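Structural features, examined
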Amino acid sequence: MTDRPDGADVRDDVPTDDQRVRDLAEHYFWLFEDSPVAKYVCDVEGTVLEINAAMCRWLGMRPEELVGQTLGSFSVDPLVPVSDLQPFLSGQARTYSGVRAYRAADGRPRRAIVTLGAIRDADGAARTIFGELEDLTVHELALTELDRQRQRVEMAIEASNIAVWEVDVVSGRVTVQDRPAGALTFREQNMTYGDFVRTFHPDDRHLLPHIRAFRSQARTELDVELRCGVAYGPVNWVHLKGRTIVGDDGGAVRVAGTTADVTEPRAQRAELAVQRDRLELALETAGMMAWEVRLRPRPVFDAIHADLLGTEVPAALIVSGVAAAPIFGDRVVRADREAVCHALREGLEPGREVLELEYRWHDDQGALRWLRTRARAEHDDGGQLVRVTGTTADVTHTR
C-alpha cells in the first residue's frame with residue numbers, strides 16, 4: 001500500500017491511469033496504424049504524439065516530419081480558439097468536430113472534417129486527444145465542378161429560350177423557373193397542376209396526363225408538341241418534355257421538364273411541306289424526276305418521282321459516286337456510257353454552270369428510254385465536290 005497526497009491508500013497491484021493508457025494503446029495500436037482513416041494522437045497542447053500511415057499518405061509526409069510538431073505548424077487555418085475547445089477539454093462535451101485545412105507536402109491545402117475524442121482523468125478533463133480526419137478536398141472539388149456544370153446548363157437554357165418547370169407530385173404544385181423564356185409560356189411562376197394544364201389550348205390538354213397518373217406510375221416521360229393559349233386568339237406552339245424523378249421507395253416524387261417555343265420551326269416545316277407538294281405536282285405534270293447526290297459523309301442518292309421514269313429508288317440509297325447513281329451507271333446504254341461519264345467529269349468541275357445531256361437508258365422493266373438530265377454541282381471552299389442536284393425527264397416521245 002502507498003499513500004496518496006490526499007491521505008488515501010492506493011493498492012500497489014492496481015494499474016495506474018498511465019499504465020491503463022499504455023496497455024490500451026498497445027492493445028489497439030494495430031487498429032490505429034492500419035486504419036484507412038487518417039488518425040493522430042496529440043496532447044492537450046496540440047503536440048503530435050502518434051500518427052498513422054493514412055495520415056502520412058494524406059499529407060504526403062513521413063512520420064518523423066509530423067511527430068513532435070504541433071498541429072498548428074502544418075495547419076492552414078488559424079488555431080481553434082480555446083473558448084471553442086474548452087467544453088471538450090474540460091469534459092462538458094465528450095467530442096469536438098469542425099472543418100480544418102492542413103498544408104500537404106506539395107503546398108496545397110487539404111480540407112477535412114476533424115473529429116476529436118479524448119482519454120480523460122478522473123475529473124473528466126482531457127489528458128490525451130485522438131483525432132480522425134474525413135477528407136473534404138475531393139468532395140469540394142466535385143461540388144465546384146458541379147457548380148460549373150450547373151452554370152453551363154443555365155447559360156444553355158437561357159440561350160435556347162427554354163422554360164424549365166417542375167411538378168411536386170405530392171402537393172400538385174408546379175414551379176416555373178423565373179426566366180425570360182418562361183414568360184412566353186407561363187404567366188405565373190407558381191401554380192397548381194390544373195392551372196398548368198389550362199395554360200395550353202383546350203383541344204390539346206388531353207395530351208397531358210392527370211396528376212394521379214404521375215403518382216401511380218413510377219416512370220413517366222412526356223414528349224409532345226401542343227398549343228399554348230386559349231381557343232380563340234394568337235397561338236404559340238411549344239415542345240414539352242418531362243420525366244419523373246423517383247424517391248428512395250421507387251415512387252414518383254417530382255416531374256421535371258422543359259418547354260420550348262417551336263412556333264417558327266413548325267411554320268417553317270409547314271412551308272417546306274407546301275413547297276415539296278408544289279414541287280411534286282410540277283414534276284408530275286412535267287413527267288420529270290428530281291434527284292440529289294450528297295457526297296458527305298458518304299455518297300447518298302435521293303429522288304422524288306422516280307416512278308415517272310419506270311424505276312423505284314429506296315430513300316437515302318448509298319452509291320459509290322455520282323456516276324453510279326441509278327439514273328447513270330450500268331443502266332445507260334453501252335454505246336452512250338463513255339460520253340455520259342466524260343460529260344459528268346467535265347460538267348461537275350468547279351466553275352461550271354449547268355450540266356445538260358441526253359442519253360439512252362433502261363428502266364426497271366428493261367424498256368429503252370431517252371433521258372434528258374440537267375444537273376448543278378456544289379463545291380466547298382477547297383474545290384471539293386459536296387453535292388449534285390438535278391432533274392431528269394423522259395423525252396422518248398419527243399425525239
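Residues numbered from 1 in each chain as written. Predicted model: local features only at pLDDT ≥ 70, side-chain atom pairs only at ≥ 80, totals over all residues. Heavy atoms only, no water.

Right, let's talk about the overall build of the protein chain for a bit. In terms of regular secondary structure, the protein chain is built from 10 helices and 19 strands. For the protein chain, with 399 residues in total, the buried portion stands at 33%. Considering only intrachain contacts with a sequence separation of at least 6, the fraction spanning at least 24 residues in the protein chain is 42%. With the model as given, the accessible surface of the protein chain reaches about 24500 Å², and the carbon-plus-sulfur share is 52%. (Helix = DSSP H or I, 4+ residues; strand = E, 2+ residues; numbered from the N terminus. Buried < 20%, exposed > 50% of the residue type's maximum accessible area, 1.4 Å probe, protein only. Contact = heavy atoms within 4.5 Å. Areas by Shrake-Rupley, 256 points an atom, 1.4 Å probe, with all protein chains shown as cover.)

Moving on to the sheet that holds strand β13 (residues 252-261). Ordered in space as β10-β9-β8-β13-β12-β11, the six strands form an open sheet in which the pairing is antiparallel. One side of each edge strand has no neighbouring strand; the edge strands of this open sheet are β10 (190-192) and β11 (221-228). Neighbour-to-neighbour, the strand axes of this sheet turn through a mean angle of 25°, independent of strand direction. Taken together, the eight bridges between β11 and strand β12 (residues 236-246) define a ladder with antiparallel strand orientation. The residue bridging C228 from the neighbouring strand is N236, located in β12. Taken strand by strand, helix α9 (residues 263-286) contacts β11, β12 and β13, and its axis lies near 120° from that of β12. (Pairing = 2+ DSSP bridges. Axes fitted to C-alpha atoms, helices over the stretch in contact; angles between N-to-C directions.)

A separate point is the sheet that holds strand β5 (residues 96-103). Within the open sheet, the five strands sit side by side as β4-β3-β7-β6-β5. Their pairing is antiparallel. The open sheet has two edge strands with one neighbour each: β4 (48-51) and β5. Taking the axes of each pair of neighbouring strands and ignoring which way they run, one obtains an average angle of 30° across the sheet. In this structure, β5 lies alongside strand β6 (residues 109-120), joined through eight bridges in antiparallel fashion.

This next bit is on the pattern of salt bridges. Under the definition given, this model contains 23 salt bridges. Ionic pairing is found between E132 and K39, a salt bridge with its closest N-O pair at 3.2 Å. One end of the pair, E132, is in strand β7 (residues 126-135); the other, K39, is in strand β3 (residues 38-43), with 93 residues separating them in the sequence. D135 is the partner of R110 in a salt bridge, and the nearest nitrogen-oxygen pair spans 3.0 Å. Taken together, the positions of R110 in strand β6 and D135 in strand β7 put the pair 25 residues apart, joining distant regions of the chain. Sharing partners across several salt bridges, the network here consists of E292, R294, D302, E378 and R387. (Salt bridge = Lys/Arg side-chain N within 4 Å of Asp/Glu carboxyl O.)

We now examine α9. With 24 residues, α9 should cover 34 Å at 1.5 Å per step; its first-to-last C-alpha distance of 35 Å lies within 8% of that length. One or two residues past the end of α9 sits G287, with phi positive at roughly 65°. (Expected span 1.5 Å × (residues − 1).)

The terminal C-alpha atoms of helix α10 (residues 334-347), which comprises 14 residues, lie 20 Å apart, in line with the 20 Å expected from a rise of 1.5 Å per residue. Among the residues making up α10, those that are buried are D336, V340, A343, L344 and G347. On an axial view of α10, the arc spanned by its buried residues comes to 100°, and they lie on one face. Facing away from the buried surface of α10 by more than 90 degrees, the exposed residues are R334, E338 and R345. (Arc of directions from axis to C-beta.)

One pass over the full model with this rule turns up nine aromatic pairs. Each ring, one from F74 and one from Y102, has its centre 5.9 Å from the other, and the planes form 40°; the classification is tilted. Within this pair, whereas F74 is found in the loop between α3 (63-66) and α4 (82-90), its partner Y102 is found in strand β5, the two being separated by 28 residues in sequence. Under the relative-accessibility criterion, F74 is labelled buried at 5%. Cluster of aromatic residues (ring-pair linked, three or more members): W165, Y193, F196, F200 and F214. Above the ring of F88, the side-chain terminus of R120 is found at 5.0 Å from the ring centroid. We note R266 situated over the ring of W237; from NZ or CZ to the ring centre the distance is 3.6 Å. (Phe/Tyr/Trp six-rings, centres within 6.5 Å; stacked < 30°, edge-to-face > 60°. Lys NZ or Arg CZ within 6 Å of the ring centre and 35° of its normal.)

We now examine the side chain of D363. Among the structural elements, D363 can be located in the loop between β17 (354-362) and β18 (368-379). Residue D363 is classed as buried on the basis of its relative accessible area of 8%. Polar side-chain contacts of D363 include one of 2.9 Å to the side chain of R369. If near-sequence neighbours (up to four positions away) are discounted, D363 is found in contact with L309, G310, R331 and R369. (Polar contact = N/O pair within 3.5 Å; in protein donor to acceptor, adjacent residues only side chain to side chain.)

Bringing the pairing of β3 into the picture now. Taking burial as the measure, the six residues of β3 include five buried ones, the bulk of the element. Between β3 and β4, which pair antiparallel and follow one another directly, the connecting turn spans four residues, one of which, G46, has a positive phi of 95°.

What follows covers the environment of V395. Along the polypeptide, V395 turns up in the segment after β19 (385-394). Put simply, V395 and R372 are 23 residues apart on the chain and 6.5 Å apart in space, counted from C-alpha to C-alpha. If near-sequence neighbours (up to four positions away) are discounted, V395 is found in contact with W370, L371 and R372.

On to unusual backbone geometry, then. Across the junction of R296 and P297, the peptide omega takes the value 0°, indicating a cis bond. Within the element layout of this structure, P297 appears in the loop between β14 (288-294) and β15 (300-304). Positioned with a positive phi, H305 is a non-glycine residue whose angle comes to about 65°. Positionally, H305 belongs in the loop between β15 and β16 (317-318).

What follows covers the environment of A93. Looking at the element boundaries, A93 is found in the loop between α4 and β5. For the pair A93 and G124, spaced 31 residues apart in sequence, the C-alpha to C-alpha distance is 9.8 Å. When near neighbours in sequence (up to four residues on either side) are disregarded, A93 contacts P87, F88 and R120.

Within the secondary structure layout, R369 lies in strand β18. The class for R369 is buried, based on a relative accessible area of 18%.

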